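What follows is the residue order along each chain.
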Amino acid sequence: MKDCIFCKIIAGEIPSAKVYEDDEILIFKDIAPIAKIHLLCVPKEHFAYLSEAGEGRAALLGRTLLKIGALKDELGLGDGYRLVVNQGENAGQTVRHLHIHILGGQPLPWGN
Ligand code: 5GP
Ligand code: ZN
């Protein structure tokens, strides 16, 4: 999609530190990490929100989560990790291309 920064990364038009790629997803390092390991997992197909994904992408979304699980040791996440999907304004979503933040490499505080 024109003017989508993640589509440009997927197309190789903007450089990124890629850590995994297959036919349907790309995982690369977040440019402004908030944890020792901070990766972004994006479907190569452009869509912005889970609410517009539809039944047709159910299998893709399932495979994406399973793939992250399968890669956990390879990605250095063996001691635990957190997945975050910001959706919309209140969540502070800044890039309108669905992405899963993968956080790890350190203890991740939750609540108080
Ligand atoms: P959001 O706030 O939409 O959930 O997350 C967008 C994420 O994309 C942010 O964590 C931000 O640091 C990251 N990001 C934005 N632009 C780029 C970029 O050009 N390259 C990389 N690697 N990450 C980016
Ligand atoms: Zn896109």
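Residues numbered from 1 in each chain as written. Chains lettered and ligands numbered in written order. Predicted model: local features only at pLDDT ≥ 70, side-chain atom pairs only at ≥ 80, totals over all residues. Heavy atoms only, no water.

> Summarise the layout of surface pockets; cite the residues concerned and give the values.
Here the largest pocket is characterised by a volume of approximately 440 Å³. Lining the largest pocket are 24 residues, and of these Phe6, Asp30, Ile31, Ala32 and Leu40 sit closest to its centre. Top contributing element to the lining of the largest pocket by residue count: helix H1 (residues 5-11), with three residues. Partitioning the lining of the largest pocket into residue classes produces 14 nonpolar, eight polar and two charged. (1 Å grid on protein atoms, 1.4 Å probe; cavity = no way out; pocket = protein on both sides within 12 Å on 5 of 7 lines; lining within 4 Å. Points joined across faces, edges and corners; volume = space filled by probe spheres on them. Helix = DSSP H or I, 4+ residues; strand = E, 2+ residues; numbered from the N terminus. Nonpolar A, V, L, I, M, F, W, Y, C, P; charged D, E, K, R; others polar.)

> I'd like a description of the site of ligand 1, backed by residues and values.
Around ligand 1 sit 16 residues, and of these Lys29, Asp30, Thr94, His99 and His101 come closest. The contact in question runs from an oxygen atom of ligand 1 to an N or O atom on the side chain of His99, over 2.9 Å. Under a 2 Å grid-point criterion requiring more than half of the atoms, the pocket assigned to ligand 1 is the largest pocket. Looking at the shell around ligand 1, the elements that each hand over two or more residues are H1 and strand S2 (25-29). In terms of residue class, the shell around ligand 1 is built from eight nonpolar, six polar and two charged. (Near = heavy atom within 4 Å. Polar contact = N/O pair within 3.5 Å; in protein donor to acceptor, adjacent residues only side chain to side chain. Sits in = over half its atoms within 2 Å of the grid points.)

> Please provide a residue-by-residue account of the sheet that holds strand S3 (residues 37-43), values included.
Here we have five strands laid out as an open sheet, ordered S1-S2-S3-S5-S4, and antiparallel in their pairing. Strands with a single pairing partner mark the edges of an open sheet, and in this sheet they are strand S1 (18-21) and strand S4 (81-84). Shown here is a sheet whose adjacent strand axes are inclined to one another by a mean of 20°, direction ignored. Sheet topology places S2 next to S3; five bridges connect them, and they run antiparallel. Looking at the pairing, Leu26 lines up with Val42 of S3. (Pairing = 2+ DSSP bridges. Axes fitted to C-alpha atoms, helices over the stretch in contact; angles between N-to-C directions.)

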